[in-house]
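Here's the letter readout for the chains.
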Amino acid sequence: MTSRSAVFVLAAALGLGALGTVPPALAKEAAGSLSPIQAEAPAPRAKAPGLRVRTVVGGLTNPWDVQPIGGGRFLVTERDRARLSVVRKGQRRTVRFPSAKVWVSGETGLMSLAVDPAFDRTRRFWTCQGWQTGSSQDVRVSLWKLSDDTRRATLVRHVVTGLPTTSGRHGGCRVLLDTGSTALYVGTGDAADPANPRSLTSLGGKVLRVHRRTGRALPDNPFADAADPRQRLVWTYGHRNVQGLAQRPSDGSVVSVEHGSDRDDEVNALSPGADFGWNPGPGYDESVPMTDQSLPGEQTEAIWSSGNPTIATSGATWVEGRQWGSYAGTLAVAVLKGEEVLFLRFDDDLVLQRTSAPAALQRYGRLRSVTRLANGQLLVTTSNGADDRVLRVSPR
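Trainee: Teacher, can you tell me more about the state of the cysteines here?
Mentor: Simply put, disulfide is the name for a covalent bond between the sulfur atoms of two cysteines. Inspection of every chain in the model, using the stated rule, returns one disulfide. Paired through a disulfide, Cys128 and Cys173 show a sulfur-sulfur distance of 2.0 Å. Taking the torsion about the S-S bond as the criterion, the Cys128 to Cys173 disulfide, at about 85°, is right-handed. Taken together, the residues span a long stretch of sequence, with Cys128 in strand 7 (residues 124-133) and Cys173 in the loop between strand 9 (153-163) and strand 10 (174-177) at a distance of 45 residues. Classification of Cys128 as buried rests on a relative accessible area of 0%. Overall, the relative accessible area of 0% leaves Cys173 in the buried class.

Written as C-alpha cells, this is what we have:
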C-alpha cells in the first residue's frame, strides 16, 4: 500500500472526511509506520429479477381490491358493479351481500378490502364503499362476516360512517389494518369539496385511525380529546384523494398514496397530526400546490412526487423476500394513467433513493391495487373497464 493510500484509509476509519483534513501527525504515522490495510470491497448491488405475470382470474370490470382469505382463495371487489366475489383456481363466484345498498357514482362504489389476520377463526373482513340510506348517501367502512361456504356475507356493523360525498368524485377510500395494534387506518377523499381537507370536523381529505371493530377513536390519536367526535378520528389531514395505504414491515411506518390535480401525485409518510397542505378553497381551485407551504402552521412535504404531469398512483404495498433482488424492501405502487407499477426505494428514514418501472408490468393497461401475499408474491388488479383481471406477479 502506498503512503497516500494508507492516509486515505486512516482518514476514512476516523471519519475525517477528505484527505486534506487529516492532521499532519496522523498523516506522518500513516505514511511511515502503519501495516498494510486491505480495503473491503463494497457488497455487490442486488440485481432486478425478471418477472413472471400470470392471470388469476379474468372477466372483471374495474376490480378495486383483492385480498387472500386462505386456502388459495381471494376476495375481490368490483367498484361499478358493486360485486363481491370469491376466486379460487381461476373461478369466480359472487358473494351475496346487500349490494343494492352500495351507492355507485363516478369514482365511488365498492372499493377497498381488509381481511382479519385471524380470518380462519373469525371469518371477518372490512370493506369501504358508497352507501345509500333513503335519499342520502355517504362513504362508509363496514365490518362483515363471511359464511363458512363463502357464499354469503353478513353485516356485523358499520365501523365508520359519514365520509362526505358530492358527485362521487374523490371518494377515496383505502383501509389498512395496523399489524401492531387494533387500529384500522382509513384513507379518504375530499369529495371535491374545498372545505373538507383542512376542516378537522370533516372526515374528507383525511387519514383516520380507529379501533378496527368499534370504529371509536384510539386514545393516542392526536385529537383524541377534541370536543367534536369526528375530529377524534383524525390521524392526518390536508389530503386530496387517498388511494393507497401501506405499512412498512421493518419499522411499522405507514405511508399514503394519493392523486394529484394536474401534477404531483404523492407518497406521504404519515405522522400523528400531520398537515399535508391541500387547500383548494374557495371554489375548488386546483391550481394551488398539492402541499401549500403558504398556509398557516407547518405542512409536511411528500417523500415522493410525480411532478408534472400526474400518472395517477393508486394502491401500494411493501415488497418482501430476497427472491425479489433489488426490488426487495421497495414500495410497489400501482399506476392507473401511467399503466405501470413503480418500485420506489427509500432508505431507513424514508428518503427516496431510486425508482424502477419494469417493462413486464407495462403491458396490462391501468393498474389499480397491489397486494402482497404471505409468500412474497404480488397480486395486481387492472382497471380498464372491460375484461379486467387479477394478476399474480412473482420474480423468476
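Trainee: Explain the sheet that holds strand 7 to me, please; I cannot follow it from the model alone.
Mentor: Two orientations exist for strands paired in a sheet by backbone hydrogen bonds: parallel and antiparallel. With antiparallel pairing, the four strands of this open sheet are ordered in space as 6-7-8-9. Each edge of the open sheet is held by one strand with a lone partner, namely strand 6 (110-115) and strand 9. For this sheet, the mean angle separating the axes of adjacent strands, direction not counted, is 30°. In the sheet, strand 8 (residues 136-146) pairs with strand 9 via seven bridges, with the strands oriented antiparallel. Considered in strand 9, the bridge of Trp144 is made with Leu155.

Trainee: Even after reading the chapter, I still don't get the nonpolar core, so can you show me in this structure?
Mentor: Nonpolar side chains tend toward joint burial in soluble globular proteins. Formed by 25 residues in total, the largest nonpolar core has its most connected members in Trp126, Val141, Val160, Leu163, Leu184, Val186 and Leu208. With residues up to four places along the chain from it excluded, the contact list for Leu184 reads Trp126, Val141, Val175, Leu176, Leu177, Leu208, Arg209, Val210 and Arg212. Within the second largest apolar cluster, 18 residues are counted, among which are Phe343, Ala360, Leu391 and Val393.

Trainee: Before we go on, may I ask you to explain the sheet that holds strand 1 (residues 51-60) in this structure?
Mentor: One open sheet holds the four strands; their spatial order is 1-24-23-22, and the pairing between them is antiparallel. The sheet terminates laterally at strand 1 and strand 22 (367-372), the two strands that pair on one side only. Adjacent strand axes in the sheet meet at a mean angle of 20°, parallel and antiparallel pairs treated alike. Relative to strand 24 (residues 388-395), strand 23 (residues 378-382) is paired through four bridges, and the arrangement is antiparallel. The residue bridging Val380 from the neighbouring strand is Leu391, located in strand 24.

About the criteria used
- Residues numbered from 1 in each chain as written.
- Predicted model: local features only at pLDDT ≥ 70, side-chain atom pairs only at ≥ 80, totals over all residues.
- Heavy atoms only, no water.
- Disulfide = S-S within 2.5 Å.
- Helix = DSSP H or I, 4+ residues; strand = E, 2+ residues; numbered from the N terminus.
- Buried < 20%, exposed > 50% of the residue type's maximum accessible area, 1.4 Å probe, protein only.
- Pairing = 2+ DSSP bridges.
- Axes fitted to C-alpha atoms, helices over the stretch in contact; angles between N-to-C directions.
- Core = buried A, V, L, I, M, F, W, Y, C linked by side-chain atoms within 4.5 Å.
- Contact = heavy atoms within 4.5 Å.

Purely geometric stuff here, so don't read any function into it on its own.
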